[in-house]
Each structure stands twice: as structure tokens, then as C-alpha cells.
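A look at the structure
The chain contents come next:
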Amino acid sequence: MTVTIIIVIYAAIAVCTGIVLGFIAARGGGSFVKWLLYGALIPIVALPHAIIIIRGGSKAKKCMYCRKKVSLNATHCPKCGYEFIDWS
Ligand SMILES: [Zn+2]
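What comes next concerns the included structure.

Reading the values: the criteria
- Residues numbered from 1 in each chain as written.
- Predicted model: local features only at pLDDT ≥ 70, side-chain atom pairs only at ≥ 80, totals over all residues.
- Buried ≥ 20, exposed ≤ 12 C-beta atoms within 10 Å, placed from the backbone.
- Helix = DSSP H or I, 4+ residues; strand = E, 2+ residues; numbered from the N terminus.
- Arc of directions from axis to C-beta.
- Axes fitted to C-alpha atoms, helices over the stretch in contact; angles between N-to-C directions.
- Parallel < 35°, antiparallel > 145°, perpendicular 65-115°, else oblique.
- Left-handed = near helix turned anticlockwise from the far one by under 90°.
- Contact = placed C-beta atoms within 7 Å.
- Nonpolar A, V, L, I, M, F, W, Y, C, P; charged D, E, K, R; others polar.

1. A short note on helix α2 (residues 32-41)
For an α-helix the count is 3.6 residues per turn, leaving residues at separations of three or four pointing the same way. For α2, every residue scored as buried is listed here: W35, L36, Y38 and G39. All buried residues of α2 project into a common sector of 165 degrees when viewed along the axis, lining one side. In α2, those exposed residues whose orientation departs by more than 90 degrees from the buried face are V33, K34 and L41.

2. Notes on the packing of helix α1 (residues 2-27) against α2
A packed helix pair is summarised by two numbers, namely the angle formed by the two axes and the spacing between the axes. Remark: α1 packs on α2, axes separated minimally by 7 Å, with the N-to-C direction vectors making an angle of 150 degrees. As the angle between them shows, α1 and α2 are arranged roughly antiparallel. Read as a crossing pair, α1 and α2 show a hand that is right-handed. Contacts between α1 and α2 involve A14, V15, T17, G18, I19, L21, G22, A25 and A26 on the former and, on the latter, F32, W35, L36, L37, Y38, G39 and A40. Of the residues in the contact of α1 with α2, the class split is 12 nonpolar, four polar and no charged.

Structural data, given as C-alpha cells:
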């Protein structure tokens, strides 16, 4: 009986995660159905993946020397000290 309860709880969490990720993906221009299935099938992988995408997204750039992700408005790379030049 305990196993059944665990499976039911896991399924409920998986479906909720899928729906939440689906809506987040749809807002960010992604596929609602793809993220819903991804979140429902493997929420343990999909949830951190979604958080990384949301945090990383368009608000970060990569240092061209050390590949470290830095804030878009940073003028220097915090890891290697490379100075970003704004060509625009
Ligand atoms: Zn760097």
C-alpha cells in the first residue's frame, strides 16, 4: 500500500511540474506540449533544466576567452578579467 501511495504522489507532482513547465515554456516561446511531457515524464531532470534556461536565457553572455557565463551588463569577466567591448 505504501508503494501505491508513493506512486500516486509522484504522479501528482509529475503532472503539476509538467503543467507549470508547459506554461513557462509557452510564455518563453517554447513548445507547451513538449515541456509538459518532458516535465511529467522526468520532472527530476526537467525542473533544473527549466530553471537553468530561465536564469541563463537572454540575460547572460559568455566570456569569449574562458566561456564563463556573465551578466549582460558586466564590463569585465569575473573569472579571467577579459574586458567586454560594446560594438553596438
Ligand atoms: Zn573570462
